[in-house]
Amino acid sequence: MTNPFEDADGTYLVLTNDSNQHSLWPARLAPPMGWTVAHGAAGYQACLDYVEEHWRDLRPVPAVGK
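Below, the structure is looked at part by part. Since this is a predicted model, take the numbers as computed values, not measurements.

Section: the overall build of the chain
- Counting secondary structure elements, the chain contains one helix and three strands.
- From first element to last, N terminus to C terminus, the chain shows the α and β order β-β-β-α.
- The principal-axis extents of the C-alpha atoms in the chain amount to approximately 45 × 25 × 15 Å.
- Here the chain holds 66 residues, and the buried ones make up 24% of them.
- For the chain, the accessible area works out to roughly 4,900 Å², and carbon and sulfur atoms hold 53% of it.
- Positive and negative side-chain charges of the chain, numbering 4 and 8 respectively, have mean locations separated by a distance of 11 Å.

Set out below in structure tokens:
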């Protein structure tokens, strides 16, 4: 069985969370709780390109009220 997170020929989503962190996620799997689809379904490289263009500051956004 191959790893669905490392398939260069697979179809992916780009997910974001409340801290504006980004993650590639196999399109055939439901996104986990707390993550929202920001881009896709698209090829692996297209999703990486999207992340590179849109996630410039890798630091998580601070939680409000803390």
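So much for the structure itself; the text now carries on.
Structural notes on the environment of Gly 40
- By the element assignment, Gly 40 lies in strand E3 (residues 36-43).
- Assessed through its relative accessible area of 44%, Gly 40 is described here as partly exposed.
- Contact partners of Gly 40, with chain neighbours within four places excluded, come to Tyr 12 and Leu 13.

Description of the pairing of strand E1 (residues 11-16)
- With five of six residues buried, E1 lies mostly within the body of the structure.
- Bridge analysis of E1 against E3 gives six bridges, and the strand direction is antiparallel. Considered in E3, the bridge of Leu 13 is made with Gly 40.
- Hairpin connection of E1 to strand E2 (residues 22-26): five residues between the antiparallel strands, including Asn 20 at a positive phi of 60°.

So, helix H1 (residues 44-54)
- For H1, the full list of buried residues reads Cys 47, Tyr 50 and Val 51. Taken around the axis of H1, the buried residues stretch over an arc of 95°, which confines them to a single face. Facing away from the buried side of H1 by over 90 degrees, the exposed positions are Glu 52 and Glu 53.
- Summarising the contacts, the buried residues of H1 are in contact with E1, E2 and E3.

Rules behind the numbers
Counting restarts for each chain, with residues numbered from 1 along the sequence as it is written. The model is predicted, so local features are restricted to residues of pLDDT at least 70 and side-chain atom pairs to those at 80 or more, both for listing and for counting; the totals for chains, interfaces and linings are taken over all residues. In computing side-chain properties, one takes all heavy atoms of the structure into account and sets aside hydrogens as well as water. Helix and strand assignments come from DSSP, with helices taken as H or I runs of at least 4 residues and strands as E runs of at least 2, each series counted from the N terminus. Each residue gets one of three labels from its accessible area relative to the maximum for its type: buried under 20%, exposed over 50%, partly exposed in between, using a 1.4 Å probe on protein chains only. Note on areas: Shrake-Rupley with a 1.4 Å probe; residue coverage comes only from the protein chains shown. Only four residue types enter the tally: Lys and Arg on the positive side, Asp and Glu on the negative side; His and the chain ends are excluded. Note on charges: their place is set at NZ of Lys, CZ of Arg, CG of Asp or CD of Glu. In this analysis, two residues are considered to be in contact whenever any of their non-hydrogen atoms come within 4.5 Å of each other. Paired strands are those between which DSSP finds at least two bridges. By arc we mean the arc of the directions from the helix axis to the C-beta atoms, nothing more.

Function cannot be inferred from these measures alone, as they are strictly geometric.
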